[in-house]
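A closer look at the structure
What follows is each chain in one-letter form.
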Amino acid sequence: MKFITKILGQFQQQIAAGDSAPLAKERLKVALTYDRNGLEQGTVENLRSELVRLMAQHLDVSADDVHVDIDSTTGPNKLVASIALRPPRRQRAAVAGSKLS
Amino acid sequence: MAGQVITVTSGKGGVGKTTFSANVSAALAELGKKTVAVDTDVGLRNLDIVMGLENRIVFDLVDVVEGRCRLQKAVIRDKRLDTLHLIPAAQTRDKSAISPDAMEKICAELRHMFDYTIIDSPAGIERGFQNAIIGADEIIIITTPHVSAIRDADRVIGLLEAADKQKIRLVINRLEPELVRRGDMLDIPDMLDILAIDPLGIIPDDATIVTSSNRGELVSLTATSRAGQAYKNIARRITGEEVPFMSLESPRTLIQWLAALLKRNK
């Protein structure tokens, strides 16, 4: 019985395993880009705050709309800032009590 | 021809610098090269015990630096292989006892005395590391396939390049081919891509390392293990010989074969 449990366990392990290595590679690429460029998390955060201040002078954005990060998808050595724009809400005109007659 | 001084370093601790230094020094000595292994981990010495020479220490590197003995007196010759030598570190001091200048002078002397000087660096990037690299003609970086070790190796490579050390090669230690095959361990191309330096060798994880160090023996001399063969190949590459890399595929068990079949047919 123990033998069968062991075999089943090994089987399960073999089927379940197998995706942590690619994740490690991606994480390392991002971490090393920060390390190699001397980018401490504080530096990026300061940059982000200043961008928010600058953007707010020209656009209607809040702090949450501005993101600054290493973009590992478009290439390992890019610092990408994205600013989410907020268009003013459109309102449907309230037609009180009108009836189409 | 003047000898070569090669420093073995890593950044991360525990990745196999000392075991590597001991085994590759022995393999070089077995090829007939007059070789000395130097322990620069002052205060935490280990090269002596890994080489099985811990009972032969009379003088150490700090004695030489502080003028209590000449360099020759601190050199221990291995009785099992007379081309193999060791200069141990001091155990009751720390790394402030040696300066990079002093180390550079010692390396200059060792270059005349030995074909190969293998300097076992301590972990870290502080004084001990600085001492270990200053006299090096060549650097070997040891890493294991783990995120922590690779990150540290990358930092060390950056520091070495800034210190104008041009010849830097990588050794990947403790590879587990089974985990790599399952996709659960970084593979060799991934690590070479990330670190972007030339590979010198790949050493598989091997239980004979533990048993041989328990006995104060070296796998590159005694056992017919895969790690031993890897160390021997690396020694030959250091001397300039071209040696193809060993295949590290492990044969599949029946269960692994069945599981792979099931995965494919999902």
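Residues numbered from 1 in each chain as written. Chains lettered and ligands numbered in written order. Predicted model: local features only at pLDDT ≥ 70, side-chain atom pairs only at ≥ 80, totals over all residues.

Side note on the overall build of chain A
- Across its full length, chain A carries three helices and two strands.
- Listed N to C, the secondary structure of chain A is α-α-α-β-β in terms of helices and strands.
- The buried share of chain A, reckoned over its 101 residues, is 4%.
- Across chain A, every contact between residues at least 6 apart in sequence was considered, and the portion connecting residues at least 24 apart equals 38%. (Helix = DSSP H or I, 4+ residues; strand = E, 2+ residues; numbered from the N terminus. Buried ≥ 20, exposed ≤ 12 C-beta atoms within 10 Å, placed from the backbone. Contact = placed C-beta atoms within 7 Å.)

A few points about the nonpolar core
All names here are of chain B.
- Grouped together as the largest cluster of nonpolar side chains are 76 residues, with contacts concentrated most on Leu-61, Ile-141, Val-171 and Tyr-231.
- Ranked by residue count, the leading element in this core is helix 1 (residues 17-30), at seven residues.
- Setting aside residues no more than four positions away along its own chain, Val-171 makes contact with Phe-20, Ile-140, Ile-141, Ile-142, Leu-200, Gly-201, Ile-203 and Ile-234. (Core = buried A, V, L, I, M, F, W, Y, C linked by C-beta atoms within 7 Å.)

Description of unusual backbone geometry
All names here are of chain B.
- Here Asp-164, not a glycine, exhibits a phi torsion of approximately 65 degrees, which is positive.
- Summarising the element assignment, Asp-164 is placed in the loop between helix 7 (147-162) and strand 7 (168-175).
- Phi at Ala-196 is positive, roughly 55 degrees, even though this residue is not glycine.
- With respect to the helices, strands and loops of the structure, Ala-196 is situated in the loop between helix 9 (188-195) and strand 8 (198-204).
- Residue class for Ala-196 comes out exposed when judged on the 10 C-beta atoms lying within 10 Å of it.

Some points on the interface of chain B and chain A
- Taken together, the contacts link 19 residues of chain B with 19 residues of chain A.
- Those elements that place two or more of their residues in the side of chain B that touches chain A are helix 7, helix 9 and helix 12 (254-264) of chain B.
- In terms of residue count, the dominant contributor to the side of chain B that touches chain A is helix 7 of chain B (six residues).
- The residue makeup of the side of chain B that touches chain A, split by class, is eight nonpolar, three polar and eight charged. (Nonpolar A, V, L, I, M, F, W, Y, C, P; charged D, E, K, R; others polar.)

Considerations on the pairing of strand 4 (residues 84-87) of chain B
All names here are of chain B.
- Covered by surrounding structure in strand 4 are Leu-84 and Leu-86 together with His-85 and Ile-87, the residues of both alternating faces.
- The pairing of strand 2 (residues 35-39) with strand 4 spans four bridges and is classified as parallel. Residue Val-38 lies in a different strand from strand 4, and its bridge partner there is Ile-87.
- Here strand 3 (residues 76-77) runs beside strand 4; their pairing, made up of two bridges, is antiparallel. Within strand 4, the residue paired with Arg-77 across the bridge is His-85. (Pairing = 2+ DSSP bridges.)

Details of the pairing of strand 2 of chain B
Residue and element names in this part refer to chain B.
- Taken across its five residues, strand 2 has five buried, putting it largely inside the fold.
- Where strand 2 and strand 5 (residues 116-120) come together, five bridges link them in parallel fashion. Counted as the bridge partner of Val-36 is Thr-117 from strand 5.

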